[in-house]
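What the coordinates show
Chain by chain, the residues:
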Amino acid sequence: QVRLVESGGGLVQAGGSLRLSCAASGFTFSITTMGWFRQAPGQEREFVAAISWSAGTTNYVDSVKGRFTISRDNAKNTMYLQMNSLKPEDTAIYYCAAEWRRAGGYNYWGQGTQVTVSS
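Owing to the predicted nature of the structure, the values given are computational and were not obtained by experimental measurement. (Residues numbered from 1 in each chain as written. Predicted model: local features only at pLDDT ≥ 70, side-chain atom pairs only at ≥ 80, totals over all residues. Heavy atoms only, no water.)

Before going further, it helps to spend a moment on the nonpolar core. Counting residues in each nonpolar core, the largest one holds 31 residues, and the members touching the most others are Leu4, Met34, Trp36, Met79, Leu81 and Tyr94. Top element by residues in this core is strand S9 (residues 92–100). It accounts for five residues. With sequence-adjacent residues up to four places away left out, Leu4 is seen in contact with Cys22, Ala23, Ala24, Met34, Cys96, Ala97, Ala98, Tyr108, Trp109, Gly110 and Gln111. (Core = buried A, V, L, I, M, F, W, Y, C linked by side-chain atoms within 4.5 Å. Buried < 20%, exposed > 50% of the residue type's maximum accessible area, 1.4 Å probe, protein only. Helix = DSSP H or I, 4+ residues; strand = E, 2+ residues; numbered from the N terminus. Contact = heavy atoms within 4.5 Å.)

Time to look at unusual backbone geometry. Notably, Asn77 is not glycine yet its phi reads approximately 50°, a positive angle. Mapped onto the elements of the fold, Asn77 is located in the loop between strand S7 (68–73) and strand S8 (78–83).

Quick look at the state of the cysteines now. Applying the stated criterion to the full structure yields one disulfide. Here Cys22 is linked by a disulfide to Cys96, with a sulfur-sulfur distance of 1.9 Å. Judged by the torsion about the S-S bond (-70°), the Cys22/Cys96 disulfide is left-handed. Taken as a pair, Cys22 in strand S3 (residues 18–26) and Cys96 in strand S9 lie far apart in primary sequence, 74 residues in all. Exposure remark for Cys22: the relative accessible area of 0% places this residue in the buried category. (Disulfide = S-S within 2.5 Å.)

On to the packing of aromatic side chains. Under the counting rule described, the total for this entry stands at six aromatic pairs. Among the aromatic residues, those joined into a cluster by ring pairs are Phe37, Phe47, Tyr106 and Trp109. Over the ring of Tyr80 we find Arg19, and its NZ or CZ is 4.0 Å from the ring centre. The positively charged end of Arg45 is found above the aromatic ring belonging to Tyr95, 4.0 Å away from the centroid. (Phe/Tyr/Trp six-rings, centres within 6.5 Å; stacked < 30°, edge-to-face > 60°. Lys NZ or Arg CZ within 6 Å of the ring centre and 35° of its normal.)

Its place among the elements puts Gly8 in the loop between strand S1 (2–7) and strand S2 (10–13). You can call Gly8 partly exposed: its relative accessible area is 34%. In the structure, Gly8 is positioned 72 residues away from Tyr80 in sequence and 9.5 Å away in space, judged by C-alpha atoms. When near neighbours in sequence (up to four residues on either side) are disregarded, Gly8 contacts Leu18, Arg19, Leu20 and Thr113.

What follows concerns the side chain of Asp90. Tracing the backbone shows Asp90 in the loop between S8 and S9. Within the structure, Asp90 has its side chain in polar contact with the side chain of Arg67 (distance 2.8 Å). Residue contacts for Asp90: discarding those within four places in its chain leaves Arg38, Arg67, Phe68, Ser85, Val115 and Val117. (Polar contact = N/O pair within 3.5 Å; in protein donor to acceptor, adjacent residues only side chain to side chain.)

Using the criterion set out here, one finds four salt bridges in the structure. One salt bridge in this structure joins Arg38 and Glu46, with 2.6 Å as the shortest N-O distance. Glu46 sits in the partly exposed class, given a relative accessible area of 31%. Close ionic contact of Lys65 with Asp62 constitutes a salt bridge, the shortest N to O distance being 3.0 Å. On the basis of relative accessible area, Lys65 is assigned to the partly exposed category, the value being 49%. Residue classification places Asp62 among the exposed positions, given a relative accessible area of 61%. Among the charged side chains, a network of salt bridges with common partners joins Arg38, Glu46, Arg67 and Asp90. (Salt bridge = Lys/Arg side-chain N within 4 Å of Asp/Glu carboxyl O.)

Note that all results are geometric; they support no functional claim without further evidence.
Here it is in structure tokens:
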């Protein structure tokens, strides 16, 4: 019912910036929350940031507070993650996720986009 497509990943030097985008299509009017997760090689997938689709309330994991900013453009059905002061520890595949029709959790996922931060 909902398709999520991430873009904006790439290779950047430590201290640099990237802006990730997640475009949603389909029955997007039923999305309540969207968020970003990441998974580094050999590690568990972890929560990064989330935003409520209506009020725009945000939440971040402690390790990215002050460096990353999540936002959304409701008219474009697009979510963004502005990533500043990037560190090698931020290297991971970043996934876009959405809660659809108040499922009680994230029930739609994108395919992921690779972010690599060099020293």
